[in-house]
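Remarks on the overall topology
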Amino acid sequence: MSEQLKIQVLLFFYERRKLVGNALRSIAAQTYSNYEVAFIDDSEYDPRYVSSGEDIFYSNKLGLDGRYILYQTKDTKADKLARGGSQFGRMTNLAMANSNADICIMLCDDDALESNYLKNLNEFFTNHQEINYCYSDVVIYDPLVENYEDAIGRPVDHNHFLNVNKNPHPLGNSKDSSQVAWRRCSD
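On to the overall build of the protein chain, then. Counting its secondary structure elements, the protein chain contains six helices and six strands. For the protein chain, the α and β elements follow one another from N to C terminus as β-α-β-α-β-α-α-β-α-β-α-β. Computed over the C-alpha atoms, the radius of gyration of the protein chain is 17 Å, within 12% of the 16 Å expected from 2.2 N^0.38 for a compact globule of 187 residues. Once the C-alpha set of the protein chain is aligned to its principal axes, its extents read approximately 50 × 40 × 30 Å. Of all 187 residues assigned to the protein chain, the portion counted as buried reaches 45%. Taking contacts inside the protein chain between residues at least 6 apart in sequence as the whole, the part at least 24 apart equals 74%. Per element, the accessible surface of the protein chain, about 10200 Å² overall, is 52% carbon and sulfur. Charge-centre separation for the protein chain: the mean point of 19 positive side chains lies 2 Å from the mean point of 27 negative side chains.

With that settled, the discussion passes to the sheet that holds strand E4 (residues 103–108). Strand order across the open sheet formed by six strands is E3-E2-E1-E4-E6-E5, with mixed pairing between neighbours. Single-partner strands in this sheet number two, and they are strand E3 (68–72) and strand E5 (133–135). Neighbour-to-neighbour, the strand axes of this sheet turn through a mean angle of 20°, independent of strand direction. Sheet topology places strand E1 (residues 7–13) next to strand E2 (residues 35–41); seven bridges connect them, and they run parallel. Bridge pairing in E2 links Phe13 to Asp41.

Turning to the packing of helix H1 (residues 17–28) against helix H2 (residues 52–59), a few remarks are in order. Viewed as axis vectors pointing N to C, H1 and H2 meet at an angle of 40°, and their least axial separation amounts to 11 Å. Regarding the angle of H1 to H2, the classification is oblique. In terms of crossing hand, the pair formed by H1 and H2 is right-handed. Together, Arg17, Val20 and Leu24 of H1 and Ser52, Asp55 and Ile56 of H2 make up the contact between the two elements.

Here the focus is the side chain of Ser43. Tracing the backbone shows Ser43 in the loop between E2 and H2. A distance of 2.5 Å separates the side chain of Ser43 from the side chain of Asp41, its partner in a polar contact. Of the polar contacts made by the side chain of Ser43, one reaches the side chain of Ser52; its length is 3.2 Å.

One pass over the structure, following the stated rule, counts five aromatic pairs. The interplanar angle of 75° and the centroid separation of 4.5 Å between the aromatic rings of Phe12 and Phe88 together place this pair among those described as edge-to-face. Here Phe12 is found in strand E1, whereas its partner Phe88 is found in helix H4 (residues 88–97), with 76 residues between them in sequence. Here Phe12 falls in the buried class, since its relative accessible area comes to 9%. Three or more aromatic residues joined by ring pairs make a cluster, and in this case those are Phe13, Phe39, Phe57 and Tyr58.

Right, let's get into the environment of Thr126. One can find Thr126 in helix H5 (residues 117–127). Polar side-chain contacts of Thr126 include one of 2.6 Å to the backbone oxygen of Asn122.

Further remarks concern the side chain of Gln8. Secondary-structure assignment places Gln8 in strand E1. We classify Gln8 as buried; its relative accessible area is 2%. A polar contact of 3.2 Å, which involves the side chain of Gln8, links it to the side chain of Glu36. Once residues lying within four places of it in the same chain are set aside, the contact partners of Gln8 are Glu36, Ala38, Ala95, Met96, Ser99, Ala101, Ile103, Cys104 and Ile105.

Among the seven residues that make up E1, seven are buried, leaving the element largely enclosed by the rest of the structure. Side chains Ile7, Val9, Leu11 and Phe13 project from E1 onto one buried face, and the interleaved Gln8, Leu10 and Phe12 project onto a second face that is buried too. Sheet topology note: the E1/E4 ladder contains six bridges and is parallel. Counted as the bridge partner of Ile7 is Ile103 from E4.

Conventions and cut-offs
- Residues numbered from 1 in each chain as written.
- Predicted model: local features only at pLDDT ≥ 70, side-chain atom pairs only at ≥ 80, totals over all residues.
- Heavy atoms only, no water.
- Helix = DSSP H or I, 4+ residues; strand = E, 2+ residues; numbered from the N terminus.
- Rg over C-alpha atoms; globule rule 2.2 N^0.38 Å.
- Buried < 20%, exposed > 50% of the residue type's maximum accessible area, 1.4 Å probe, protein only.
- Contact = heavy atoms within 4.5 Å.
- Areas by Shrake-Rupley, 256 points an atom, 1.4 Å probe, with all protein chains shown as cover.
- Lys, Arg positive; Asp, Glu negative; His and termini not counted.
- Charge placed at Lys NZ, Arg CZ, Asp CG, Glu CD.
- Pairing = 2+ DSSP bridges.
- Axes fitted to C-alpha atoms, helices over the stretch in contact; angles between N-to-C directions.
- Parallel < 35°, antiparallel > 145°, perpendicular 65-115°, else oblique.
- Left-handed = near helix turned anticlockwise from the far one by under 90°.
- Polar contact = N/O pair within 3.5 Å; in protein donor to acceptor, adjacent residues only side chain to side chain.
- Phe/Tyr/Trp six-rings, centres within 6.5 Å; stacked < 30°, edge-to-face > 60°.

This is how it looks when you write it as structure tokens:
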């Protein structure tokens, strides 16, 4: 199947350097190449220092091929407390507004994608023009003690609370955000 749909991966990062390595390696291992990554850094901000997300972004040379774009909330904990929350959602909306992708998926810094995931998303949305969103079951692994590669081939636990509810499903309160993909509305 030819690559038709552009997919935007919204990679959410908050000061979990070790964990995000799994997510980054899983993106690099994709068999599908028509994607971009919005690296959304919500790390503690201090203009005197490089944030942990900015350091990861530049030290791994993520922006060199043009597919990775850094978005930073530039928020402090005090700002978040005073405001009553992070600007992380605003950065996510900005990343989607700046994109020409057809499909979006969220990926938290403690999650990973199976190597054919984006290829399968392209195929699903190409073959089901009438469907605007979908979700997938997850394979459970502990990113604090294992690499995502250790979970490849592990069976899906259909009794896990993230995998129990099935179609039709409104996605609220029982799915992880990284289980969901959707068509991006164009202006």
